Structure formats: C-alpha cells, structure tokens
Amino acid sequence: MESLIQQAGLGDILAQVKHQERLSLEDGQRLFACSDMLALGYLANLVREQKNHNQAYFIYNQHINYSNICTNLCKFCAFGKEKGNEQAYTMTVEEIKAKVQERLEEPITEIHMVGGIHPDLPYSYYLEALQGIKEVRPDVHIQAFTCVEIQHLADLNGQSVSDTLEELKKAGLGSLPGGGAEVFTPRIRELTCPNKLNGEGWLRVAKIAHQHGLHTNATMLYGHIETIEERLEHLDALRRAQDETGGFLAYIPLAFHPKNTAMTEHSRTTGMEDLKNIAVARLMLDNFPHIKAYWVMIGPKLAQVALSFGADDLDGTVKEEHITRMAGGESEQAMGHNTLIQLIKEAGREPVERDTLYEVLERF
Ligand code: V47
C-alpha cells in the first residue's frame, strides 16, 4: 500500500501523517487533486485510526425542525420559506413537546433542533421550547440552534451572545450543531447567502459558545460553486479556531442537494467527491476529534464506505429531517438502531453508541 502512496506522489504526506505533523494548505491542494482514492483513503484512515482506533460511533437521536420560515432564503436551501408561503410552517411549543412525547418509549439521548431565521417569533419562544423539551424528557441532551440562529436570538434579546448563551443554557441547551457554516469566504456568501451571518460572525459565535462550556460541531456545504481553495480556506479557519478553543467535537461535510433550490443547475455530488471531502477533512483537521459521515445526505451505503476513508461517526437514527428531504434527498428518514449497528459491523468497525459528548453508552 505504501508503494501505491509513493506512486501517487504523496510519500511526503504519508511521512507527515505518520509523525502526526500538520499538513499545509498546499498539501491540501495536492490531496484534493489526487484521483487515487485508495491512496487518499489509506492516508485518511491512518489518522482516523490514530484518533478513534476501530470504533465507529452513532447516537440515538431525534431531529426537530421547529419552523421553516426564514428571512435569509439562501440560494442553496430548499427548506426555508417566506412567511405566507403555502408550505411555511411553525410548530408551537406544545407541538414541539408533543413530538418529544410521541417517542418517549424510545431510548433517545439527543434532540437535534434547528429552524429558519424567523422574522417574528419572540425570544421567549426559544427559551420555552428548550424548557418544554426538558419537561417532557428531562435527561435528554438538547443540541439546538446553529451559530446563525444564536446570533439572531442575541439580536432579538438585545443582549450579548455570551449572556444569551447563558440564558439558553439555563433553559436546557446542551450544545450547538454545526449548521450555517456553509463556506466561509465572502465570495461564496455574497453569491449564495448574502443575508446570512458572515463567516467571521459564525466563527465568533462558535468560539464564544466554547468559552461558555458549550461544545459545537462544524459543517461545510460543498459541491456547488466553491473552489478547492475556498474549501481549504474554510477548513483552515476551522482548524485555527479549534487551536484557540478546542470546543469543536465533529466536522460534517454536507453534500449539496440542488433539487427545489435556486441553484438547480448543479448536479448532485458524486460518490468520489463525497469520499474525497471526508478523507481530506480527516487529514487537514488534525485537531478535530471526529469526522461524521451524515448518512441522510450521502446515503447509508456510502456512509458505510466512508468509515474506511476517514469518518468515525454515522450520526444517528435522525427521523423527520426536512432540510435534506426538501432538497431532493432520497435516503430513508429514519434509520433503525439495529441497521446502524449492522452497517458498522459489516464495515469491519466496532459499533459504539455514544451520547452527544462522545461518552460511550454501549459497545456492540
Ligand atoms: O445549515 C441547506 C445545509 C445544514 C442544503 O451538527 C444543505 O451534527 C445540502 O447542519 N443541500 C443543516 N445541505 C444540517 C446540519 C447538520 C446535519 C447533521 C448533523 C449536524 C451536526 C448538522 O444543511 C444547513 C446548511 O448548511 N443545507 N440546504 C442543501 N440543499
């Protein structure tokens, strides 16, 4: 295998990986330019096994998208709708509680809750939603509100992000998901999501969350108009932020789904693109403990393969996630606990059920 790496011209990167040295952005360019997937996978797998051995994590979680009404209306998004649109919806706090109640008999440990940037829901709604979930399911970890939503809540509240996060924490917030990062560069934001909090703002909120003891995830939406340089700039910004705070848990590359968006001229990403984004991320993000292959976006079959190309986490049982489905995602909306275990075992990995903070709950 190592001669294959030499043949692919990546011998120096192999040496750096073995010595656990940080790769440069130029190295990243060469990795993205490499079409020898076995060589890339081998390198990424070395890092994956240095950090996570043979373990592959999953979580028993429930997704709740409380509202799709959004003032940002990003061009890549099929989920967000203008107020008044016939497909627009907003759940009441009682409806959110009922969703949690519906699945009370299942051993769910995490509720993942995100929504659009709503023009007129009051700040109290968000606090009550968190409190309501906790009333119904007191032990659950709530991973909710992207950095973009947090900034919006601080603006609504008229207080700092710090004070807002403290209040949300008291109401039950446990950590932040990684959405809303898209691609940080101003060019991409201008062209695809001009109304959204900018990249600097997203990173600032994430770092403040980390200072308050709230872990967060990070994502990148790839496979549209971004260049390789822009992907690497995004990864580098995350790596630098992580050097400062150490608060990121997982990085999740999100494959662009064009259906029903304002960017339908693009095709879906290919399997090779998806694997490459996972492998390069694993190699570049040397300070991120986990790389997640989100099966809802890349499909369970490729997510299974990704466990040998850098990923160590498949996310979880999910159910009722509307963001991918609205944009043409065809994966089943829920994955059984046993199916996840089977996928992982077949990939030759050890299935580990985790909680949100990667504490081991059960090994299979
Ligand atoms: O913020 C929007 C992206 C994100 C599309 O933190 C799209 O563990 C593809 O962030 N095609 C939401 N992607 C999902 C997300 C997430 C998912 C799973 C786990 C975690 C985690 C986070 O989805 C949005 C946006 O970046 N998105 N539209 C689309 N058409």
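The shown structure was predicted, so the numbers you read here are calculated from the model rather than taken from an experiment.

## Remarks on the sheet that holds strand 4 (residues 141-144)
Taken in spatial order, the 7 strands line up as 2-3-4-5-6-7-8 in an open sheet, and their pairing is parallel. Edge positions in the sheet fall to strand 2 (61-65) and strand 8 (290-291), since each of these pairs with one other strand and no more. Summarising the sheet, strand 2 and strand 3 (residues 110-114) pair through 5 bridges and their orientation is parallel. Counted as the bridge partner of asparagine 65 is valine 114 from strand 3.

## Details of the nonpolar core
Of all hydrophobic cores here, the largest spans 113 residues; its most connected members are Met113, Phe145, Leu173, Trp202, Leu238 and Tyr251. Among the elements that line this core, the one with the most residues is helix 6 (residues 123-136), at 8 residues. Apart from residues no more than four positions distant in its own chain, leucine 238 is found in contact with Phe184, Trp202, Leu203, Ala218, Phe248, Tyr251, Leu285 and Phe288. Counting 5 residues, the second-largest nonpolar core is a separate cluster that includes Leu249, Ala250, Val352 and Tyr358.

## Description of the side chain of glutamine 242
Along the chain, the position of glutamine 242 falls in helix 11 (residues 228-245). Owing to a relative accessible area of 5%, glutamine 242 belongs among the buried residues under this scheme. Residues contacting glutamine 242, with those up to four places away along its chain left out, are Gly247, Phe248, Asn287, Phe288 and Pro289.

## A word on the sheet that holds strand 9 (residues 313-316)
With mixed pairing, 4 strands are arranged side by side in an open sheet as 9-1-10-11. The sheet is open, and its two edges are formed by strand 9 and strand 11 (360-363), each paired on a single side. This sheet shows a mean twist of 30° between the axes of neighbouring strands, independent of strand direction. The pairing of strand 10 (residues 350-354) with strand 11 spans 3 bridges and is antiparallel. Counted as the bridge partner of valine 352 is arginine 363 from strand 11.

## Considerations on helix 5 (residues 93-102)
Every α-helix carries 3.6 residues per turn, so stepping three or four residues along brings you back to the same face. Buried within helix 5 are the following residues: Val93, Ile96, Lys97 and Val100. Angular distribution of buried residues about the axis of helix 5 spans 95°; they occupy a single face of the element.

## Observations regarding the site of the ligand
What surrounds the ligand is a group of 24 residues, the closest being Phe76, Gly178, Gly180, Glu182 and Lys292. Taking glutamate 182, its side chain carries an N or O atom lying 2.5 Å from an oxygen atom of the ligand. Take lysine 292: an N or O atom from its side chain is 2.6 Å from an oxygen atom of the ligand. Counting atoms within 2 Å of the grid points, the majority share of the ligand lands in the largest cavity.

## Some words on the layout of surface pockets
Rolled over the atoms, a probe with the dimensions of a water molecule shows which regions are left empty. Approximately 380 Å³ is the volume found for the largest pocket. As for the largest pocket, its lining consists of 15 residues, and the residues nearest its centre are Phe184, Gly199, Glu200, Leu203 and Ala237. Counting residues per element, the ones that place at least two in the lining of the largest pocket are helix 9 (186-192), helix 10 (199-211) and helix 11. With 6 residues, the single largest contributor to the lining of the largest pocket is helix 11. Residue composition of the lining of the largest pocket, grouped by class: 5 nonpolar, 4 polar and 6 charged. If you add up the space inside the second largest pocket, you get close to 150 Å³. Forming the boundary of the second largest pocket are Gln16, Val17, Gln20, Glu21, Leu23, Val47, Gln50, Lys51, Leu283 and Asp286. Only helix 2 (11-18) and helix 4 (37-52) provide two or more residues apiece to the lining of the second largest pocket. Sort the elements by how many residues they give to the lining of the second largest pocket and helix 4 lands first, with 3 residues. Across the lining of the second largest pocket, the residue classes break down as 4 nonpolar, 3 polar and 3 charged.

Rules behind the numbers
Residues numbered from 1 in each chain as written. Predicted model: local features only at pLDDT ≥ 70, side-chain atom pairs only at ≥ 80, totals over all residues. Heavy atoms only, no water. Pairing = 2+ DSSP bridges. Helix = DSSP H or I, 4+ residues; strand = E, 2+ residues; numbered from the N terminus. Core = buried A, V, L, I, M, F, W, Y, C linked by side-chain atoms within 4.5 Å. Buried < 20%, exposed > 50% of the residue type's maximum accessible area, 1.4 Å probe, protein only. Contact = heavy atoms within 4.5 Å. Axes fitted to C-alpha atoms, helices over the stretch in contact; angles between N-to-C directions. Arc of directions from axis to C-beta. Near = heavy atom within 4 Å. Polar contact = N/O pair within 3.5 Å; in protein donor to acceptor, adjacent residues only side chain to side chain. 1 Å grid on protein atoms, 1.4 Å probe; cavity = no way out; pocket = protein on both sides within 12 Å on 5 of 7 lines; lining within 4 Å. Sits in = over half its atoms within 2 Å of the grid points. Points joined across faces, edges and corners; volume = space filled by probe spheres on them. Nonpolar A, V, L, I, M, F, W, Y, C, P; charged D, E, K, R; others polar.

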